[in-house]
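A look at the structure
Each chain, written out:
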Amino acid sequence: MNKKVLVVDDDPDVRSFVVTVLEENDYIPIVARDGIEGLEMIKQQHPDLVILDVLMPRGSGIRLYRHLKTDETLKNLPVIMFTGIALRSFLKSQKALDEFKGGQIPMPDIYLEKPVEPEELVQAIQKKIG
């Protein structure tokens, strides 16, 4: 059975790129345009993996990532951060949320900074879900 991968990104070109890579490698792509829609899709579609952008106008990836890692039913869902934001900036934003809400959120297992070659994205996906 093919595995479902949710792509959460506000950029249509990035979504198209990732969907193409997923389809060419026999994964089933699911698409969301922001973190709010992404959370809805996670609850409805139960993907095997989430590929998540950081900065989006409605429902940031940082907040969605935090929600996933603090929700008992979702915390084991693999997440690949796929973004144009440097890891250092992500960590600063995450630290600010930690200080605001209390409690530390685990680092993303895989953090890919755009642009990424298709092969690099496939390797990251395979590392997380085969």
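I will try to describe carefully the structure that is included in this document. (Residues numbered from 1 in each chain as written. Predicted model: local features only at pLDDT ≥ 70, side-chain atom pairs only at ≥ 80, totals over all residues. Heavy atoms only, no water.)

**Concerning the environment of Asp9**
Among the secondary structure elements, Asp9 is positioned in the loop between strand E1 (4–8) and helix H1 (12–24). Taking the C-alpha atoms as reference points, Asp9 and Leu52, 43 residues apart in sequence, are found 6.5 Å from one another. With near-sequence residues (within four places) excluded, Asp9 lies in contact with Val14, Arg15, Ala32, Arg33, Asp53, Met56, Phe82 and Lys114. Engagement of the side chain of Asp9 in a polar contact is seen with the backbone nitrogen of Asp11, the distance being 2.9 Å. (Helix = DSSP H or I, 4+ residues; strand = E, 2+ residues; numbered from the N terminus. Contact = heavy atoms within 4.5 Å. Polar contact = N/O pair within 3.5 Å; in protein donor to acceptor, adjacent residues only side chain to side chain.)

**Quick look at helix H5 (residues 118–129)**
Taking 1.5 Å per residue as the helical rise, H5 with its 12 residues ought to reach 16 Å, and the 16 Å between its terminal C-alpha atoms agrees with that figure. Those residues of H5 lying buried are Leu121, Val122, Ala124, Ile125 and Ile129. Angularly, the buried residues of H5 cover 160° about the axis, an arc narrow enough to put them on a single face. Of the residues in H5, the exposed ones pointing more than 90 degrees away from the buried face are Glu119, Gln123 and Lys127. Residues of H5 that are buried make contact with E1, H1, strand E3 (49–52), strand E4 (79–83) and strand E5 (110–113). (Expected span 1.5 Å × (residues − 1). Buried < 20%, exposed > 50% of the residue type's maximum accessible area, 1.4 Å probe, protein only. Arc of directions from axis to C-beta.)

**Points about the pattern of salt bridges**
With the rule as written, the count across this model stands at 6 salt bridges. For the salt bridge of Glu37 with Arg33, the shortest nitrogen-to-oxygen distance reads 2.9 Å. On the basis of relative accessibility, which here comes to 15%, the residue Glu37 falls in the buried class. Lys114 is the partner of Asp53 in a salt bridge, and the nearest nitrogen-oxygen pair spans 3.6 Å. In this pair, Asp53 sits in the loop between E3 and helix H3 (61–70) while Lys114 sits in the loop between E5 and H5, placing the two residues 61 residues apart along the sequence. Look at Asp53 and you get buried, because its relative accessible area is 5%. Owing to a relative accessible area of 24%, Lys114 belongs among the partly exposed residues under this scheme. A network of salt bridges, in which partner residues are shared, links Asp9, Asp53 and Lys114. (Salt bridge = Lys/Arg side-chain N within 4 Å of Asp/Glu carboxyl O.)

**Let's talk about the side chain of Glu37**
Topologically, Glu37 is positioned in helix H2 (residues 35–45). At 2.9 Å, the side chain of Glu37 and the side chain of Arg33 are in polar contact. Ignoring sequence-local partners within four residues, the contact set of Glu37 consists of Val31, Ala32 and Arg58.

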